[in-house]
Amino acid sequence: MEENVVLTARGISMTFPGVKALDNVDLTLRKGEIHALMGENGAGKSTLIKCLTGINDFEAGEIRIDGIEGPVKNHSTRDAQNVGISTVYQEVNLCPNLSVAENLFIGREPLTKLRTIDRKSYNKRSQKIMDELGIAVDVTQNLENYSLAIQQMVAIARAVDMDCKVLILDEPTSSLDDEEVEKLFVLMRDLREKGVSILFVTHFLEQVYAVCDRITVLRNGTFVGEYPIADLPRVKLVAAMMGKDLDDLAEIKKEQKDFSKEPMEISAKGLSHAGTVKPFDLDIHKGEVVGIGGLLGSGRSELARCIYGADKAQTGTLSVNGEQVKINQPIDAMNKGMGMLPDDRKAEGIIADLSVRENIILALQAKRGMFKQLSRAQQEEIADRYIELVQIKTASKETLIKQLSGGNQQKVILARWLATDPDFLILDEPTRGIDIGTKSEIQKLIVKLAGEGKSVLFISSEIEEMLRTCNRMVIMRDGQKVGELDHELSQESVMKAIAGGES
Ligand SMILES: Nc1ncnc2c1ncn2[C@@H]1O[C@H](COP(=O)(O)OP(=O)(O)OP(=O)(O)O)[C@@H](O)[C@H]1O
Ligand SMILES: [Mg+2]
């Protein structure tokens, strides 16, 4: 093995029924580097990772690991851990109803002399690990009491603590805010200093340039190339991923008009929910796209849930189309022409054992009620239309959703809400985990829907994409509106409003 190389994969091929997920793929990881693994949704990144960690059995190729004699073929997950390969998967697989400490030590609990679990020692060790990583948690609390972001950090802490040579992070940042991403990067750089080799998957290109040393690009299950970061500027990276130039990024043309003259679609007055949203006023006109800016925990998702009845508002009133309505639960909102793509797809979204078609028609069917079943032909027509519209990469509409790549699962959930054809659509992080090409397609779609007279409430952790699509932005902090921007929307003005409050 070359000097400084910790792991090589050569000629890896792997087939799922009907899908060649990997075709002759190579990967080389060097000691103390951060290596980006890039590619569109469904390119094969997670599949390759699962070959390295022993979850997937590949049919051709070999993996070599520093310090291990001969090639490794289809080792077990435990073998992989024993040789120092640690992973945080795209889907966080922790136990929400166990404590943080229990999650950190599951399967490797420290024992007392009597061979019982040494709870005291692992609580103490856990607290030390979390403190060192700068993650503010009480490790004796159940994991479910913390945000998705914290849960993600716990998963990383667990991997890091297992003394790894190779740390694999499959989209660890998709639910973190900027500050938390920065914390994670500090940690990653620190590990790199210590000689750990990190394989990093993300759809945020700027993150690649912020921390990575090298990039391997996959496209459609094939290896495109391996490049030092300096040789692959952003446009070239995108071209390598997509197999063509992405030159339509500037093309989005949002409607420039005075929306205050348009009829009101949604009007909330004094809407609140204890502990999360303080009395809030919000007006959205027909055809208007309103973004909500704010840090994680500022109450953006909670406000959306309150409007939609996912959390019942405790005070205030809501009018739809000028008529005051009572919304006690989401079905009431749906019947008033609303739809909401929620932030937590895992808990509120994907039904793993149903097909893509069944997942797409779910909300529409619920809205129609059980006595107005969609015919099979209608279901198929709708599924086909939305698979095409949001570019879902799937072998067929009957494929189980769990067999799709992470980003393509997200697209199915987006399709589900578009299929209900709402007049008012709430989108909470609609492009999370979605690749750069499709992301710009979805942004265009939002602007197009608005052009057809639909109203949209848009929440995204990427200010840039809200700037591209929103006519107006409302800024939140601590569950309150602290600013509003309609003209002069710019990265700077929004950041300033988020940081400083009043604008
Ligand atoms: N369990 C499975 N059964 C069948 N097909 C699968 C399974 N897992 C993945 N695939 C298919 O393999 C291909 C590669 O998927 P993979 O999850 O590796 O993509 P990815 O690059 O990680 O994409 P994303 O950015 O969306 O996470 C896709 O076509 C996917 O549908
Ligand atoms: Mg993936």
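Source: prediction; values computed, not measured.

Quick word on the site of ligand 1
Step number 1: As a matter of local geometry, ligand 1 sits amid 19 residues, with F16, S46, T47, S405 and G407 nearest to it.
Step number 2: Where the shell around ligand 1 is concerned, the elements lending two or more residues are strand 2 (19-30), helix 1 (45-52) and helix 14 (406-418).
Step number 3: Class assignment for the residues of the shell around ligand 1 results in five nonpolar, twelve polar and two charged.

As for the packing of helix 12 (residues 356-368) against helix 14
Step number 1: Interhelical geometry of helix 12 versus helix 14 gives an angle of 40 degrees and a closest axis separation of 6 Å. The angle between the axes of helix 12 and helix 14 places the two elements in the oblique class. The interaxial crossing formed by helix 12 with helix 14 has right-handed handedness. Residues V356, N359, I360, L362 and A363 of helix 12 form the contact with helix 14, whose own contacting residues are V412, A415, R416 and W417.

Details of the domain arrangement of the protein
Many authors give the size of an interface as the accessible area that is lost as the parts come together.
Step number 1: Under the domain assignment used here, the protein contains domain 1 (5-248) and domain 2 (262-337 + 424-433 + 453-503).
Step number 2: Relative placement of domain 1 and domain 2: their C-alpha centres are 34 Å apart.
Step number 3: Between domain 1 and domain 2, the contact holds six residues from the first and six residues from the second.
Step number 4: Looking at the side of domain 1 that touches domain 2, its residues break down into one nonpolar, three polar and two charged.

Looking at the pairing of strand 17 (residues 455-459)
Step number 1: Across the five residues that make up strand 17, a large majority, five, are buried.
Step number 2: Here strand 17 shows a buried face lined by S455, L457 and I459 and a second buried face lined by V456 and F458.
Step number 3: Bridging between strand 12 (residues 289-293) and strand 17 involves four bridges; their strand directions are parallel. Bridged to I292 within strand 17 is I459.
Step number 4: In the sheet, strand 16 (residues 424-428) pairs with strand 17 via five bridges, with the strands oriented parallel. Bridge pairing in strand 17 links L427 to F458.

Thresholds applied
Residues numbered from 1 in each chain as written. Chains lettered and ligands numbered in written order. Predicted model: local features only at pLDDT ≥ 70, side-chain atom pairs only at ≥ 80, totals over all residues. Near = placed C-beta within 6 Å. Helix = DSSP H or I, 4+ residues; strand = E, 2+ residues; numbered from the N terminus. Nonpolar A, V, L, I, M, F, W, Y, C, P; charged D, E, K, R; others polar. Axes fitted to C-alpha atoms, helices over the stretch in contact; angles between N-to-C directions. Parallel < 35°, antiparallel > 145°, perpendicular 65-115°, else oblique. Left-handed = near helix turned anticlockwise from the far one by under 90°. Contact = placed C-beta atoms within 7 Å. Domains from an automatic or database assignment. Buried ≥ 20, exposed ≤ 12 C-beta atoms within 10 Å, placed from the backbone. Pairing = 2+ DSSP bridges.

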